[in-house]
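# Coordinates in review
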Amino acid sequence: MNSIRQVPTRVKSRRVETNLGAEREHFDKQQLSSISKAINSTEAPVKEKHARRIILGTHREKGAYTFWSYALGLPLASSSILSWKFCHVLHKVLRDGHQNSLQDCMRHHSSLIEIGQLWGNLHDKYGQLVALYSKMLCTKMEFHVKHPEIRANLEVTDEVLERAAGTDINNVFQLTVEVFDYMDTELRVAETVLRQLNTSIAISTLTAGQCRLSPLIQVIQDCSHLYHFTVKLLFKLHSCLPADTLQGHRDRFHDQFHSLKNFFNKARDMQYFKRLIQIPKLPDSPPNFLHAASLAKHVKPVVVIPDEPQDDEDDDPEPLIENAFSLPQQFDIFDQTFGAPNGRFDDRDQQIEGLKRDVEMLRAELERVKAEAQRYITQLKSQINSLEAELEEQRAQKQRSLVENEQLRMELEATRRRNAEHESVQATFSEADSEDPPAPHPLIRRHSSTGLPVLRSHCPPDTLVFPQAGMELSGSMTSLQAEKERLMRSVSEKEAELSSLRQSALAEQSSLQVEREKSSRDLGNLQSMLQEKEQLKQKLLEEQFSLLQGTVSEAENIIQDAVAKLDDPLHVRCTSSPDYLVSRAEATLASIDHVKTGHAHFVKDMADAGALVRALTQFSHLAADTIVNGSATAHTAPVDHADRLTENCRSCAVQSLAYLKELKEQASVRRADPAAVRLIVQKILHLGQELRPKGSDVRQDELGDMVDKEMAATQAAIDEAVRRIDVSSPRLALSIFVNLCEYSSYRILFSCTDLMKVGNRPFQTFTEAITLGAATLKEFYARNSRWTEGLISASKAVGWGATQMVESADKVVLHTGKYEELIVCSHEIAASTAQLVAASKVKADRNSTRLTVLQQASRTVNEMAANVVASTRTGLENLEEKDTMDFSGMSLIKLKKEEMESQVKVLELESQLENERLRLGELRKKHYGIAGAALVSDDNGVLQQKPSVMKKPNLAQKPSLPPKSMVGPA
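Remember, it's a predicted structure, so these values are computed and weren't measured experimentally.

The number of helices and strands found in the chain is 30 helices and two strands. The proportion of buried residues among the 970 residues of the chain is 40%. In the chain, of all internal contacts separated by at least 6 residues, the share reaching a separation of at least 24 is 80%. For the chain, the accessible area works out to roughly 54,900 Å², and carbon and sulfur atoms hold 53% of it.

Moving on, we come to the packing of aromatic side chains. Under the definition given, this model contains 13 aromatic pairs. Aromatic side chains tryptophan 84 and tyrosine 126 sit 6.4 Å apart centroid to centroid with 65° between the ring planes, which places their arrangement in the edge-to-face category. With tryptophan 84 in helix α4 (residues 80-96) and tyrosine 126 in helix α7 (residues 125-146), this pair connects stretches of sequence that are 42 residues apart. Given the relative accessible area of 5%, tyrosine 126 is considered buried. Consider the rings of tyrosine 227 and phenylalanine 257, whose centres lie 6.2 Å apart with planes at 35°: the pair is tilted. Here phenylalanine 257 lies in helix α13 (residues 247-269) and tyrosine 227 lies in helix α12 (residues 216-238), a separation of 30 residues in the sequence.

Glancing now at the packing of α4 against α12. The axes of two packed helices give the description: the angle between them and the distance between them. Where α4 meets α12, the closest approach of the two axes is 10 Å, and the angle between their N-to-C directions is 40°. Judged by the angle between their axes, α4 and α12 are oblique. Seen from above, α4 lies across α12 with left-handed handedness. For the pair α4 and α12, contact is made by His88, His91, Lys92 and Arg95 and by Gln218, Val219, Gln221 and Asp222, respectively. Across the contact of α4 with α12, the residue classes tally to one nonpolar, four polar and three charged.

Let us look at the packing of helix α19 (residues 578-604) against helix α22 (residues 675-691). Where α19 contacts α22, the two axes come as close as 8 Å, and the packing angle between them is 160°. The angle between α19 and α22 places the two elements in the roughly antiparallel class. Where α19 crosses over α22, the handedness of that crossing is left-handed. In this structure, α19 uses Pro578, Leu581, Val582, Ala585, Glu586, Thr588, Leu589, Ile592 and Asp593 to contact α22, whose residues at the interface are Val677, Arg678, Val681, Gln682, Ile684, Leu685, Gly688, Gln689 and Leu691. Broken down by class, the residue content of the contact of α19 with α22 amounts to 11 nonpolar, four polar and three charged.

Below, the discussion takes up the UniProt feature "coiled-coil region" (unreviewed entry) in the chain. UniProt marks residues 890-926 with the feature "coiled-coil region" (unreviewed entry), using the numbering shown here. The distance separating the terminal C-alpha atoms of residues 890-926 is 50 Å; by composition the span is 95% helix and 0% strand.

This part covers the environment of serine 36. Here serine 36 is to be found in helix α1 (residues 2-38). With 14 residues separating them in the primary sequence, serine 36 and histidine 50 have C-alpha atoms 9.1 Å apart. A polar contact is formed between the side chain of serine 36 and the backbone oxygen of serine 33, at a distance of 2.7 Å.

The terminal C-alpha atoms of helix α20 (residues 610-634), which comprises 25 residues, lie 36 Å apart, in line with the 36 Å expected from a rise of 1.5 Å per residue. The element α20 is largely enclosed, with a buried count of 20 among its 25 residues.

Positive phi is not limited to glycine here, since lysine 62 has a value of about 60°. Look at lysine 62 and you get exposed, because its relative accessible area is 53%.

Evaluation of the coordinates by the stated rule reveals 18 salt bridges. Among the salt bridges present, the one from aspartate 522 reaches lysine 518, with a minimum N-O distance of 3.3 Å. Residue aspartate 522 and its partner lysine 518 are both found in helix α18 (residues 467-564); the two are separated by four residues, about one turn of the helix. Measuring nitrogen to oxygen at the nearest pair gives 4.0 Å for the salt bridge that ties glutamate 898 to lysine 894. Taken together, the residues span about one helical turn, with glutamate 898 and lysine 894 both in helix α30 (residues 892-930) at a distance of four residues. Residues participating in the shared-partner salt-bridge network are Arg95, Lys140 and Asp222.

This part is about the nonpolar core. Judged by nonpolar contacts, the single largest core of 85 residues is most densely connected at Phe67, Phe86, Phe263 and Phe273. Sorting elements by how many residues they give to this core places α12 first, with 13 residues.

Attention shifts here to the side chain of serine 34. With respect to the helices and strands, the residue serine 34 is situated in helix α1. Take serine 34: its relative accessible area is 0%, and that puts it in the buried class. If we skip the residues at most four places from it in the chain, serine 34 touches His50, Arg53 and Ile54.

Attention shifts here to the environment of phenylalanine 619. With respect to the element layout, phenylalanine 619 can be found in helix α20. Relative accessible area serves as the criterion here: at 2%, phenylalanine 619 is assigned to the buried category. On a C-alpha basis, the gap between phenylalanine 619 and leucine 589 in space is 8.7 Å, while along the polypeptide they are 30 residues apart. Discounting chain neighbours no more than four positions away, the residues touching phenylalanine 619 are Thr588, Ser591, Ile592, Val595, Ser656 and Val677.

Among the structural elements, threonine 66 can be located in helix α3 (residues 65-71). By relative accessible area, threonine 66 is classed as buried at 12%.

Glancing now at the environment of glutamine 549. For glutamine 549, the position within the fold is in helix α18. Separated by 115 residues in sequence, glutamine 549 and lysine 664 place their C-alpha atoms 5.2 Å apart.

Considering every residue of the chain, the mean pLDDT works out to 76; 74% of them sit at 70 or more. Confidence, expressed as mean pLDDT per element, reaches its minimum in the chain at strand β1 (residues 935-937) with 32 and its maximum at α12 with 94. Within the model, pLDDT remains below 50 along residues 731-743, and this stretch shows 13 contacts once partners closer than five positions in the same chain are excluded. Of the regions scoring below 50 in pLDDT, residues 932-970 engages in 69 contacts with residues more than four places distant in sequence or in other chains.

Evaluation of the coordinates by the stated rule reveals zero disulfides. Cysteine cysteine 652 shares no disulfide, and the gap to the nearest cysteine sulfur, in cysteine 649, comes to 7.1 Å.

Cut-offs used in this document
- Residues numbered from 1 in each chain as written.
- Predicted model: local features only at pLDDT ≥ 70, side-chain atom pairs only at ≥ 80, totals over all residues.
- Heavy atoms only, no water.
- Helix = DSSP H or I, 4+ residues; strand = E, 2+ residues; numbered from the N terminus.
- Buried < 20%, exposed > 50% of the residue type's maximum accessible area, 1.4 Å probe, protein only.
- Contact = heavy atoms within 4.5 Å.
- Areas by Shrake-Rupley, 256 points an atom, 1.4 Å probe, with all protein chains shown as cover.
- Phe/Tyr/Trp six-rings, centres within 6.5 Å; stacked < 30°, edge-to-face > 60°.
- Axes fitted to C-alpha atoms, helices over the stretch in contact; angles between N-to-C directions.
- Parallel < 35°, antiparallel > 145°, perpendicular 65-115°, else oblique.
- Left-handed = near helix turned anticlockwise from the far one by under 90°.
- Nonpolar A, V, L, I, M, F, W, Y, C, P; charged D, E, K, R; others polar.
- UniProt positions renumbered as here; feature names shortened; annotations may be inferred.
- Polar contact = N/O pair within 3.5 Å; in protein donor to acceptor, adjacent residues only side chain to side chain.
- Expected span 1.5 Å × (residues − 1).
- Salt bridge = Lys/Arg side-chain N within 4 Å of Asp/Glu carboxyl O.
- Core = buried A, V, L, I, M, F, W, Y, C linked by side-chain atoms within 4.5 Å.
- pLDDT = per-residue confidence, 0-100.
- Disulfide = S-S within 2.5 Å.

Now the structure itself:
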């Protein structure tokens, strides 16, 4: 029966062993999986759940054998990131693993040194970190092996530190030096990590930054304890040694204090650490070790690691920066950014200002919430500290009560022993009483006969029992019994007091737990609020960047449209002046400076893209204007200059598009630089300056007088032309009745009269259109000398054109002139007037009403000039004798001969036309060399231009014909 009953028991034990083995095997596999997932070459931080499983494995097997059996097979020499994460996991195992893990790790001390030396000799950022980290871990293991009473997580009481230091001052001195060395290795790792990383939010929230930052959590925990150890040991040394002897220790401590304070402050400002660890604040100044009373002011820095929720078992990679929101709506970037094509940007400015106000409001709200959250956190921390202080006091009181209880228990035991001794003595006397009494003394019998009680003595049986001794012994017993009862009551009272204290401590602990839970909930709410604000801030950043992208896209379209005009056949007929090109290039350079300033502001505060958007809008229009006008200027420039100008215009478009593309990408927006665009625009500016007419030798303070004289001369020439035409009109009208062929001449004369009458209108409104600012008109002319010289040139051209038109009209009427001269004069007057208006637009306010009047006057002049040209062409067609082209009477040979002569004439005319075109090109090339001839003064000090270039129109003398370049179209 016994054997039958034992069979199920053995089967059950085997099943238990099988289950335990399967469970152990599953746990080992899980631990190996966690090690492989925690230590890999991916640049991401070690997940806490994997590290937690590895640490639990060391406690399960009471050592780090499994960890090292797997770690020895890792290719640490091939990947610096793998080695860095291995050191991080090893640091966690040393701090939080089983206490036997230290000895297991010490067996591989030499391998760790070799890994550090290997990566220290290579030029790799992670390699340098691995070298420092491995050295720190070796120092940590050596320290804790030498001082086994100090645990690897450094969480020991001051009493344990006192026992480790001992009473020998030499040992205290040596221990202090070792703690200094320990702290140095920790700080070197932290400083190197922070030096390699930028401490901005964008870096500390990326996986690459977190991979470097995550081991600093353990470094912060170590440094806080080492700082406390150093303060305690230094105060102890100063109590035993002279201050001069410890000067080196104090200097070294001060250096470590400032380095540690700087490290804690930088880490506290990083977003990554705020949710993982609460970093203590060090005092403003280091402790004064020369005053022993300063030790009482020292507060041990406490690092708090908040409880994190358990990670899910899903091992899929998790994003570090969640993008849980998107733009609420799509909007038209062009309408909001650029406005209408006519240059009015009021709506865009209003929207930008509105966005800017919203940004400021959100920023203020965010700061307010942060301040309120910080205040709540400070209050909660203060409450937690006070509750912990109360709990510590309760614990101390409980400890004192336990000590008192122990003393009372010892006293009670002593009392019980004394009572036991007394009871044994009483038992002895009772036995003596039970024996036969000896023959009493006669005196005793006599007392007995008288009825006196016989006193029993507690003395030994062989001694006498007197009545006095019995009474004393009875009194002693009574007092002992009373003392016993008193002690029993005292013990009961102490036990009741102890029970009350225990209940009070439990109540305090319960209250503290409730407060902690409430604080945790409040912190959770505050963190959720902060997270929501961070999400709003991130959303604002994305909206601002989206606005910037829309602006850049529209700017790209503007630049591409401008560069497309370079190959447009219709654009070949467009021309522009070098002066206008120079003004556009200078404005573009100024806009590039504004873009650079706006870009710097945007990089500093990516929540405000308003300045950069405005600058890009201006830059895109000005750059496109420079490209188009550069190409138009090249159409009238010499071949060499034209080719270089066109090439630079294309390069300007290419560099501008490349710069805009960098602004459009999130990865390259910070390093975008318009230096290449600036260089190309400067080349265009220099070419425009080379093409400009050379400056004159007139003093700037005399330009104003010269402008007035030229304007007056031009006005007089126009008035004289009108007068001469009015004189000729009645005579020609009478001749119409005689010969109807004069009707065409009459129309030409009256169209010339209309042109002369409106030709002076631009000059009447010119000075009213320009913006002088605070300067006078002459000061304005002197300050803009080149612009003034162009104005003088246009004025002279108008005066010459008016005089020449009258001469040509008289000749046409008398049938002695050419109709083509009238057409040329009309073109010259219209072109010079357009140049005058263009010069006014450069120096006038865009919204000036006088500028509108001036433009209307210029359009009227153009219309009248067109009428002159039309009348002239009509007269030319009416008066031109046309050949009847009747070849009916010619023979075949005659026709062939006429055909050959006609072909020869066509070829001659084409050759003449080509030669005239070449001559016209040379004349235009020469224009840039002679148009800006210097002004000189005559013997009387009156300013005049060199006679080789131009003479001023004179009313009494027919003006000479100036070079065509001086009166050509602007």
